[in-house]
Amino acid sequence: LYMSGYTADVIASKGVLEDSVHFIQKPFNLQKLGAMVRDAISDGTEVKALPDERQNFVMKKLQTEIDRLRPMADRLLHGDRTGV
């Protein structure tokens, strides 16, 4: 699943998207993300594992984003839309 703020045609013109890549353009909602993940999982395409060092890098970036977004998500869950 490849995510970008650019449109699919711009990404494809750079040679980044292969036929087996599922592309989701930002912004998107949770329903769209869920549908794309389901499609990516169920399409039968072979999953290629990332090298360990790349996996570690990606996991650190994801954790940084989770940590950054958690306070806002907590506020929203409690009905506080301040700063959103």
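This one's a predicted model, so the numbers in the text were calculated from it and none came from an experiment.

### Examining helix α2 (residues 30-42)
Then, in step 1: Here α2 contains 13 residues, and its C-alpha end-to-end distance of 18 Å stays within 8% of the 18 Å for a straight helix at 1.5 Å per residue.
Then, in step 2: The opening residue of α2 is Asn-29, an N-cap whose side-chain oxygen sits 3.1 Å from the backbone nitrogen of Gln-31.
Then, in step 3: Following α2 by one or two positions, Gly-44 has its phi on the positive side, about 80°.

### Looking at the pattern of salt bridges
Then, in step 1: Summed over all chains, the structure comprises two salt bridges.
Then, in step 2: Two residues, Glu-65 and Arg-68, come together in a salt bridge whose shortest N-O distance is 2.8 Å. On the criterion of helical spacing, the pair formed by Glu-65 and Arg-68 is a turn pair, its members being three residues apart in helix α3 (residues 52-77).
Then, in step 3: By relative accessible area, which is 35% here, Glu-65 ends up partly exposed.
Then, in step 4: Between Arg-70 and Asp-67 there is a salt bridge whose closest N-O contact spans 3.4 Å. A residue pair is termed a helical-turn pair when its members lie 3 or 4 positions apart in one helix, as Arg-70 and Asp-67 do in helix α3 at three residues.

What counts and what doesn't
Residues numbered from 1 in each chain as written. Predicted model: local features only at pLDDT ≥ 70, side-chain atom pairs only at ≥ 80, totals over all residues. Heavy atoms only, no water. Helix = DSSP H or I, 4+ residues; strand = E, 2+ residues; numbered from the N terminus. Expected span 1.5 Å × (residues − 1). Polar contact = N/O pair within 3.5 Å; in protein donor to acceptor, adjacent residues only side chain to side chain. Salt bridge = Lys/Arg side-chain N within 4 Å of Asp/Glu carboxyl O. Buried < 20%, exposed > 50% of the residue type's maximum accessible area, 1.4 Å probe, protein only.

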